[in-house]
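Spelled out, the chains give:
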Amino acid sequence: MKKNIKVSGILFLVAVIIILPQLAQHALILGPDALFHFNRFFDTEQQIAHGNLQYFITTYGFSQSGRIVNALYGPYIAYFNGFLLYILKSWFWYQIISSIFVCFISGVSMYYLLIRNKINYYYALFIAVLYMLTYGVTAWITTQQFIAWGAMLVPLGLAVATRLISAPQKPINVVEMSLVTTLFIQTHVLSSLILIFIYIIFFVISLFRVTDKYKLWRSLVVAIGITSLLTSNIWVILLAAYHGNHLMSPFLNLFPLKFGVINFPTDNKLLYPFAIIFILQIGTLFFKITNVSFLNRVVTILGAVLLICTLPILPWNYLFTHLPFISILQFPFRFFPFAEALLLLGFGLTLNNLTLAKPVNNISKLIMFIIATLSILLVQNLVYTASLNWSSPNNIIASKTNVSYILNGEKLRQRFYSKNLGAALKVIWKPTSDYLPVKQGAVILHPYNEYNMQIAKNTHNKKTATKTGLRVSWMATKENYHNTGVVKYANDRILINGQTPTKRQYYTTKIGTLMVRSSRGHNVVTITYKPSLSMRLGLLINLISWLIFGGYLLLLGLKKWSQKNAHHF
């Protein structure tokens, strides 16, 4: 217990040290994904602040457009971040605390993976620190990519996977597999798809190594069943949302080799210390430096394959064009956190094998300290560089790709410092079009532009969040069709001036924006999202499943605690 507390303290300190350059400059980093996630979490923060929970549509963020975003992008993690923002009441401190959280949990989960695979304490601590410094984790700090929240959990997923090989007597711990996979799906769906691919590889290997295959299959089926129940709020909502709506697909990357791979060493995604460690670890497979265990071979080969997938070696442009199902990946570097964790695990297994049962000497400790310190300094430099834009007199936006803004420089900086968390989001936004209810068969050449003109830049309405959804009002001098600046899904119910409208009183544009025929004078439209029966059942099943599963975990914890204390008497 004391050792775990010490490890936690060291990892937390490293997490704080990583973020020090940003903290010292009191800077907010507005990377390519910052505005999208800021809107997600501002929406849930305002829901919490006003006690006005709208699980399905956005009533505060994304220009109060009524879009379905969080319900499909990890709703529980969105509410977690919204609650964090609600407590902190500051975009700056939210970014600092969330970055420390991601780094710290990444280190703890990596340490857990290494100890589970019997890596020496000093090696485990050293490698856990290194993992905190990898691109997959630090991407949240420097570019606000949510891939980091998935990377935070990758070692836990690998702990489940490696158990399939390292524990032939009990290759699947049903509770562990269910909980870890659920956390992945609830946090970052795309990362969970890669994790499931890795599970399959380890499971197939396990089939050839275990004696009780029936028990293996039974445990897997039970774990799948529990995970399905614990994630029903994701997949049921996703299926139901597509039923009756033709949803705009997320960003399609047509040039993954240009925007989506690791260009070593120019783009700083793969730092030199990690490149050297990975090369050395892969080299152990070809040079008889030490006896490499079967598990080490598996994790190293798989890590090397995934690393190759992130480099501009494979014909990704061709694959994305001719195999559309692969394009859901968007960026090949999504494999990178898994490659990093696998190769670092292999490195730990190799270090273990080299020293065998010998204690780690002071020279080894010094070398590890120097490597870790050098790596920390390199990452701190990246954080420092990413923070520099904030102090610029003219442009504080680190990434302006597809970003629209009314203010910049000092005026925008003051908006982000404001206690009014929504003040900045009214003058700077990224017009993403994911999951808009577009017309089937409609040709939309520039969805970002359409969203900008019809919704984000539409200032002709007064929008108010209500207990049931959204209220939009405006004044009209003529009886013509008016752009309400909100989108309409199949399950949305609308009232125009308190009356249920006829089909002639409204229509939707190509991207689903609601157009309403105005009456002269004051007009009011209310939008309420009415979830289908399957959606309501999906949520109900999910909540009941979590209560039962949480209760079981609590009883399991109390049982272990009582057994532990019984030994002291």
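Anything mentioned here points back to the structure above.
The structure reproduced in this document is the subject of the present report. (Residues numbered from 1 in each chain as written. Predicted model: local features only at pLDDT ≥ 70, side-chain atom pairs only at ≥ 80, totals over all residues. Heavy atoms only, no water.)

### Describing the overall build of the protein
Then comes step 1: Along the protein, the regular secondary structure elements total 20 helices and nine strands.
Then comes step 2: A compact globule built from 569 residues should have a C-alpha radius of gyration of about 25 Å, and the protein, at 25 Å, falls within 12% of that.
Then comes step 3: With respect to the principal axes defined by its C-alpha atoms, the protein has extents near 85 × 60 × 60 Å.
Then comes step 4: Taken across its 569 residues, the protein has 56% of its residues classed as buried.
Then comes step 5: Of the contacts formed within the protein by residues at least 6 apart in sequence, a portion of 75% connects residues at least 24 apart.
Then comes step 6: Here the protein contributes 47 positive and 12 negative side-chain charges, whose respective centroids are spaced 6 Å apart. (Helix = DSSP H or I, 4+ residues; strand = E, 2+ residues; numbered from the N terminus. Rg over C-alpha atoms; globule rule 2.2 N^0.38 Å. Buried < 20%, exposed > 50% of the residue type's maximum accessible area, 1.4 Å probe, protein only. Contact = heavy atoms within 4.5 Å. Lys, Arg positive; Asp, Glu negative; His and termini not counted. Charge placed at Lys NZ, Arg CZ, Asp CG, Glu CD.)

### Some details on the sheet that holds strand E3 (residues 462-465)
Then comes step 1: Strand order in the open sheet made by the four strands is E3-E4-E9-E6, with antiparallel pairing throughout. Only two strands of the sheet have a single neighbouring strand rather than two, namely E3 and strand E6 (492-496). Mean inter-strand twist for the sheet, computed between neighbouring axes without regard to direction, equals 20°.
Then comes step 2: Where strand E4 (residues 469-476) lies against strand E9 (residues 521-529), eight bridges are found, and the strand directions are antiparallel. Opposite Trp 474, over in E9, you have Asn 523 as the bridge partner. (Pairing = 2+ DSSP bridges. Axes fitted to C-alpha atoms, helices over the stretch in contact; angles between N-to-C directions.)

### Let's talk about the packing of aromatic side chains
Then comes step 1: Applying the stated criterion across every chain yields a total of 32 aromatic pairs.
Then comes step 2: Relative to Trp 149, the ring of Phe 80 lies with its centre 6.4 Å away and its plane at 75°, an arrangement referred to as edge-to-face. Within this pair, whereas Phe 80 is found in helix H3 (residues 75-88), its partner Trp 149 is found in helix H7 (residues 147-151), the two being separated by 69 residues in sequence.
Then comes step 3: Among the residues examined, Phe 80 registers a relative accessible area of 36% and is labelled partly exposed.
Then comes step 4: Here Trp 149 falls in the buried class, since its relative accessible area comes to 0%.
Then comes step 5: Feature note: the residues Phe 38, Phe 41, Phe 80, Trp 91, Tyr 94, Phe 101, Trp 140, Phe 146, Trp 149, Trp 390, Phe 416 and Tyr 417 constitute an aromatic cluster, connected by ring pairs.
Then comes step 6: A cation over a ring is seen here: Lys 3 above Tyr 121, with NZ or CZ 4.7 Å from the ring centre. (Phe/Tyr/Trp six-rings, centres within 6.5 Å; stacked < 30°, edge-to-face > 60°. Lys NZ or Arg CZ within 6 Å of the ring centre and 35° of its normal.)

### Details of the packing of helix H4 (residues 91-116) against helix H8 (residues 154-166)
Then comes step 1: Two elements in contact, H4 and H8, have axes separated by 8 Å at closest approach and are oriented at 15°. The orientation of H4 with respect to H8, classified from their angle, is roughly parallel. When you trace H4 past H8, the crossing you get is left-handed. Across the interface between the two elements, Ser 106, Ser 109, Met 110, Tyr 112, Leu 113 and Arg 116 from H4 touch Pro 155, Leu 156, Leu 158, Ala 159, Thr 162 and Arg 163 from H8. (Parallel < 35°, antiparallel > 145°, perpendicular 65-115°, else oblique. Left-handed = near helix turned anticlockwise from the far one by under 90°.)

That is the geometry; function is a separate question.
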